[in-house]
Amino acid sequence: MKRRRTTLLAVAALAAGALVSVPAHPAAADEIEQVENGSFDTSSAPWWTTANVTAGLSGGQWCADVPGGTVNRWDAAVGQNDITLVKGESYRFSFTASGVPADHVVRAIVGLSVSPYDTYYEVSPALSVAGDTYSYTFTSPVDTKQGQVGFQLGGSADPWRFCVDDVSLLGGVPPEVYEPDTGPRVRVNQVAYLPAGPKNATLVTESTEPLPWQLQNAGGTTVAEGRTVPRGVDASSGQNVQTIDFGSYRKRGSDLTLVADGETSRPFDIDPRAYDGLRADALKYYYTQRSGIEILDSLRPGYARAAGHTDVAPNQGDGNVPCQPGVCDYSLDVTGGWYDAGDHGKYVVNGSIATWELLSTYERALHARTGHPAALGDGSLTIPESGNKVPDVLDEARWELEFLLKMQVPADEPLAGMAHHKIHDEQWTGLPLLPSQDPQKRELHPPTTQATLNLAATAAQAARLYKPYDRAFAARALKAARTAWAAALAHPEVYASAADATGGGAYNDTDARDEFYWAAAELYLTTGEQEFAGHVLGSPVHTADVFGDLGFDWARTAAPARLDLATVPSRLPGRDKVRKSVTEAADSYLATLDAHPYGLPYAPADNTYDWGSNAQILNNAVVVATAYDITGRSAYRDGAVQSMDYVLGRNALNQSYVTGYGEVASRNQHSRWYAHELDPALPNPPRGTLAGGANSSIQDPYAQGKLTGCVGQFCYIDDIQSWSTNETAINWNAALARLSAFVADQG
Ligand code: 9MR
């Protein structure tokens, strides 16, 4: 059910550096909700269960299977911690609950989450099967930030099922207002600028007049100086800002700082080779995302873990996965591949676009004037296959390709040749959870036209790139691509359901024209065959403007087709026009970048930063980079290089979004196994992991609790619970790999 909003947060205009300001005492009529996500709309975070209880979302509520044979009520429980209670304040505690079979008792408490586990209020109703709504008021006898709302379910000889919804604790004081620590007001790329590249920074200030700035070396000596350029109020942050251009300084150095308006920036380097490491780390990310293989400490010190989703308990394994009930009557071996993100799901549409972007990083290196394939060569990524004489980036991408091919419906079954959309757990699992420890049942979801075409596109591209290294694999990939193409033509409108989002993401999309175009383009570029040229040239997508504000993505695949048609050699009639469409798109992104005081090629409609905005920004920059590859015009190169500054620290939050890069960087990305924030025994994400980034819609309860009312760039928080702003994902890291490879090549 939908979240109830009883708190009216007045959001005032932004002062420099501040997020939002909220009146100290909200109007008396407002009641403050102390429970986060009591409505269980899309997740159960931040609720917990005891280990003997399995819980999941079901029909808009949260349901828990309670084992029989426990003694005390608290032997089986679900609840939420970190509730603030204020002595003398009154609260209304309410919830809707049901139990099957009838008459099981729930002990509902508001108490202390830590020893001595005092209870401040409790009731023990016997539940009906149909469910009832319960509502009580009480006054808190204590001040604490370690309160708990709990539902104790133990003490039954027999197992039973408890469902709850609309849990609310209204009253008390407003939750603390979150204000990010944004540090010094001079915002720079905290990693490095290229000596011959653009060098820009943004100053957050109340001043509207030009101000002096100084560039200082590590010893504090001024090595360059100038005056800032006032830019007014920036829509993407709400801040009054000025820009600093220190591009005429071209000497190498480390630990430089920019000083302006009495503030000193975080340190940065000027170094032509600074992006070699980021290119490698962004690609090394994929090995630790692998499913079905042990991750070796010798290759990734600190990241060793057992193979995930092999047929070893408690995993049910991906070796023999059935369909969801009613979808098919066979099982498939779908072991391997990469985990999509912070979840344990594996999705063909997102796996394909991620694989394409890795392969295109390699393909660009083969064709572009500044391409450098050796940097992606054998041994470059320290993976198990290093030393096999195949470029490591191809070995890594093949780990996913082999999985994608396994998702194809076998020849003798209905919908043969199509690809299953996804495979994931039956229910969402909690955090932390190592892949090898996931006990859930895994299921194949229905085939879709989009998954089928994404597989066709990626497998066709693979066929041309792996041919010099493994002809048999190249032939197998091309055959699968042709089969998929034919199956998509036969079933052109089979779409994923938006509602199919329990236990995994929906990745739904109701337009397959761009996927047809992309698959036809890749099949044409590999085979040169007329049939595919005909589909490319006849598609309405071929002449449409396919480069929008939000860039390309798992659901918007026309731009990848256009980029490849523009750069991979072919005899396509009208190829010049295709190339021109890319440079025109790049012109438009450059205009956005020039107008933006933070220098990024991203200005979404209504300033609505989308889910995964960091990858969208990087992909827009990839289009600009491709225009450079096509034309050699330095404005495109500089625009692409400058776009990197945003993700590495030149932004309103003054932080890098790449783990291990920059003085202050994201490190608590939402992940079930890089869950250091929840369990100190687990690691943070590896160096080179990109966070999803600002997302105006803040769909997760944690972000809602901290960021409601946020403006654009501020809609981000580096907390593991914020899955809508701070997840890691294979498609997003692919954009980072693709652009950092380009920037490294410009050094
Ligand atoms: O990246 C996806 C984004 O474009 C969608 O809006 C969002 C909701 O459907 O899902 C995102 O993808 C998530 C996927 O559904 C499940 N694995 C994690 C992905 C990244 O958050």
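None of these values were measured; they are calculated from a predicted model.

Q: What exactly am I supposed to notice about the overall build of the protein chain here?
A: Assigned secondary structure in the protein chain consists of 13 helices and 27 strands. By the compact-globule yardstick of 27 Å for 747 residues, the protein chain fits well, its C-alpha radius of gyration being 27 Å. Along the longest, intermediate and shortest principal axes, the C-alpha atoms of the protein chain span 75 × 75 × 50 Å. By the burial criterion, 58% of the 747 residues in the protein chain qualify as buried. The contacts in the protein chain between residues at least 6 apart in sequence include a share of 71% that link residues at least 24 apart. Accessible surface, the protein chain: about 27200 Å² in total, of which carbon and sulfur atoms supply 51%.

Q: How do you make sense of the side chain of Thr205 when you look at a structure like this?
A: As for its placement among the helices and strands, Thr205 is situated in the loop between β13 (200-204) and β14 (212-216). A relative accessible area of 2% means that Thr205 is categorised as buried. Here Ser207 takes part through its backbone nitrogen, which lies 2.9 Å from a polar atom of the side chain of Thr205. The residues contacting Thr205, other than those within four sequence positions of it, are Arg185, Leu211, Asn240, Gln242 and Asp261.

Q: How should I be thinking about the pattern of salt bridges in this particular structure?
A: Pairing between side chains of opposite charge can happen when the charged atoms of each approach one another. All told, the structure shown has 30 salt bridges when counted by the stated rule. The closest approach of N and O atoms between Arg279 and Asp276, which form a salt bridge, is 3.6 Å. One end of the pair is Arg279 and the other is Asp276, both in helix α1 (residues 274-284) and 3 residues apart, which spans about a single turn. Its relative accessible area of 26% is what places Asp276 among the partly exposed residues. In this structure, Arg687 and Asp281 form a salt bridge, with 3.2 Å as the shortest nitrogen-oxygen distance. Highlighted residues: Arg687 in the loop between α11 (634-647) and α12 (701-707) and Asp281 in helix α1, separated in sequence by 406 residues. Its relative accessible area of 46% is what places Arg687 among the partly exposed residues.

Q: What exactly am I supposed to notice about unusual backbone geometry here?
A: In most cases, non-glycine residues show a negative phi, while peptide bonds are predominantly trans. For the bond from Ala45 to Pro46, the omega torsion is 0°, close enough to zero to count as cis. Summarising the element assignment, Pro46 is placed in the segment before β1 (48-49). Going from Val100 to Pro101, the amide bond is cis rather than trans, its omega being -5°. Turning to its location among the elements, Pro101 is positioned in the loop between β5 (90-100) and β6 (107-112). Non-glycine residue Asp606 carries a positive phi angle of around 55°. Among the structural elements, Asp606 can be located in the loop between α9 (575-595) and α10 (613-631). Take Asp606: its relative accessible area is 74%, and that puts it in the exposed class. Located in the positive-phi region is Asn607, a residue other than glycine, with phi close to 55°. Examined against the element boundaries, Asn607 turns out to sit in the loop between α9 and α10.

Q: Got a minute to help me understand the sheet that holds strand β3 (residues 61-66) in this structure?
A: Adjacent strands of a sheet form backbone hydrogen bonds with each other and so pair up, either parallel or antiparallel. Taking strand neighbours across the sheet as the criterion, the 5 strands line up as β2-β3-β10-β5-β8 in an open arrangement whose pairing is antiparallel. The open sheet has two edge strands, β2 (54-58) and β8 (132-139), and neither has a second partner. For this sheet, the mean angle separating the axes of adjacent strands, direction not counted, is 30°. Where β5 and strand β10 (residues 160-171) come together, 9 bridges link them in antiparallel fashion. In the strand pairing of β10, Ala97 is matched with Val164.

Q: Help me understand the pairing of β2 in this model?
A: Here β2 runs beside β3; their pairing, made up of 5 bridges, is antiparallel. The residue of β3 that forms the bridge with Ser58 is Gln61. Between β2 and β3, which pair antiparallel in sequence order, lie 2 residues; one of them, Gly59, sits at a positive phi of approximately 55°.

Q: Whenever I open this one, helix α7 (residues 530-538) confuses me. Can you help?
A: Note that an α-helix has 3.6 residues per turn; residues three or four places apart therefore point the same way. For α7, the set of buried residues is Phe532, Ala533 and Val536. The arc enclosing the buried residues of α7, seen along the axis, measures out at 100°, which places them on a common side. Residues of α7 that are exposed and angled more than 90 degrees away from the buried face: Gln530 and Gly538. Those residues of α7 hidden inside the fold are in contact with α5 (471-490), α6 (513-527) and α8 (558-567).

Q: It is not clear to me how the nonpolar core should be interpreted in this structure. Could you clarify?
A: Side chains of a nonpolar character, in soluble globular proteins, are inclined to be buried together. Core analysis: the biggest nonpolar cluster contains 154 residues, and Tyr275, Tyr466, Phe547, Leu565, Met644, Leu648 and Leu739 have the highest contact counts within it. Both domain 2 (186-271) and domain 3 (306-539) contribute no fewer than three residues apiece to this core. Excluding anything up to four places from it in sequence, Tyr275 contacts Asn189, Ala192, Leu194, Met644, Leu648, Ser740, Val743 and Ala744. Formed by 37 residues, the second largest nonpolar core is a distinct cluster that contains Ala76, Leu85, Tyr91 and Phe95.

Q: Just checking my understanding: could you explain the state of the cysteines for this structure?
A: Joining two cysteines, a disulfide is a covalent bond between their sulfur atoms. Enumeration according to the criterion identifies 3 disulfides in this entry. In this model, Cys323 is linked to Cys328 through a disulfide, with the two sulfur atoms separated by 2.0 Å. Handedness of the Cys323-Cys328 disulfide follows from its S-S torsion of about 95°: it is right-handed. The disulfide that involves Cys710 links it to Cys715, with 2.1 Å between the sulfurs. For the disulfide bridge between Cys710 and Cys715, the dihedral angle about the S-S bond is near 110°, and by the sign convention the bridge is right-handed. The same class applies to Cys710 as to Cys715, namely buried. For the protein chain, numbering the cysteines in disulfides from first to last along the sequence yields the connectivity 1-2, 3-4, 5-6.

Q: Looking at this structure, I do not really get the packing of α11 against helix α13 (residues 730-746). What am I missing?
A: Pairs of packed helices are described in terms of their axes, by the angle between the two and the distance that separates them. One way to put it is that α11 packs onto α13 with a least axis distance of 10 Å and a crossing angle of 120°. Compared by their axis directions, α11 and α13 come out oblique. As for the relative orientation of α11 and α13, their crossing is left-handed in sense. Residues Arg637, Ala640, Val641 and Met644 of α11 pack against Leu736, Leu739, Ser740, Phe742, Val743 and Gln746 of α13. In terms of residue class, the contact of α11 with α13 is made up of 7 nonpolar, 2 polar and 1 charged.

Q: Hey, could you run me through the packing of aromatic side chains in this one?
A: Using the criterion set out here, one finds 35 aromatic pairs in the structure. Judged by centre distance (5.4 Å) and plane angle (50°), the ring pair of Phe93 and Phe95 falls under tilted. Pair check on accessibility: Phe93 and Phe95 agree, each one buried. Note that Arg398 overlies the ring of Phe473, its terminal NZ or CZ placed 3.8 Å from the centroid. Geometry around Tyr636 places Arg633 over its ring, the cationic atom sitting 4.6 Å from the centre.

Q: Please explain the site of the ligand as it appears in this structure.
A: Lining the immediate surroundings of the ligand are Asp340, Ala341, Asp343, Tyr347, Gly505, Tyr507, Trp554, Trp611, Glu727 and Trp732. One nitrogen or oxygen atom from the side chain of Trp554 is found 3.0 Å from an oxygen atom belonging to the ligand. Within the contact set of the ligand, an oxygen atom lies 3.2 Å away from a side-chain nitrogen or oxygen of Trp611. The class makeup of the residues in the shell around the ligand is 6 nonpolar, 1 polar and 3 charged.

Q: Could you clarify how one ought to interpret the domain arrangement of the protein chain in this entry?
A: Interfaces are often described in size by the accessible area the parts lose on coming together. For the protein chain, the assigned domains read domain 1 (32-171), domain 2 (186-271) and domain 3 (306-539). The gap between the C-alpha centroids of domain 2 and domain 3 is 43 Å.

Cut-offs applied
- Residues numbered from 1 in each chain as written.
- Predicted model: local features only at pLDDT ≥ 70, side-chain atom pairs only at ≥ 80, totals over all residues.
- Heavy atoms only, no water.
- Helix = DSSP H or I, 4+ residues; strand = E, 2+ residues; numbered from the N terminus.
- Rg over C-alpha atoms; globule rule 2.2 N^0.38 Å.
- Buried < 20%, exposed > 50% of the residue type's maximum accessible area, 1.4 Å probe, protein only.
- Contact = heavy atoms within 4.5 Å.
- Areas by Shrake-Rupley, 256 points an atom, 1.4 Å probe, with all protein chains shown as cover.
- Polar contact = N/O pair within 3.5 Å; in protein donor to acceptor, adjacent residues only side chain to side chain.
- Salt bridge = Lys/Arg side-chain N within 4 Å of Asp/Glu carboxyl O.
- Pairing = 2+ DSSP bridges.
- Axes fitted to C-alpha atoms, helices over the stretch in contact; angles between N-to-C directions.
- Arc of directions from axis to C-beta.
- Core = buried A, V, L, I, M, F, W, Y, C linked by side-chain atoms within 4.5 Å.
- Domains from an automatic or database assignment.
- Disulfide = S-S within 2.5 Å.
- Parallel < 35°, antiparallel > 145°, perpendicular 65-115°, else oblique.
- Left-handed = near helix turned anticlockwise from the far one by under 90°.
- Nonpolar A, V, L, I, M, F, W, Y, C, P; charged D, E, K, R; others polar.
- Phe/Tyr/Trp six-rings, centres within 6.5 Å; stacked < 30°, edge-to-face > 60°.
- Lys NZ or Arg CZ within 6 Å of the ring centre and 35° of its normal.
- Near = heavy atom within 4 Å.

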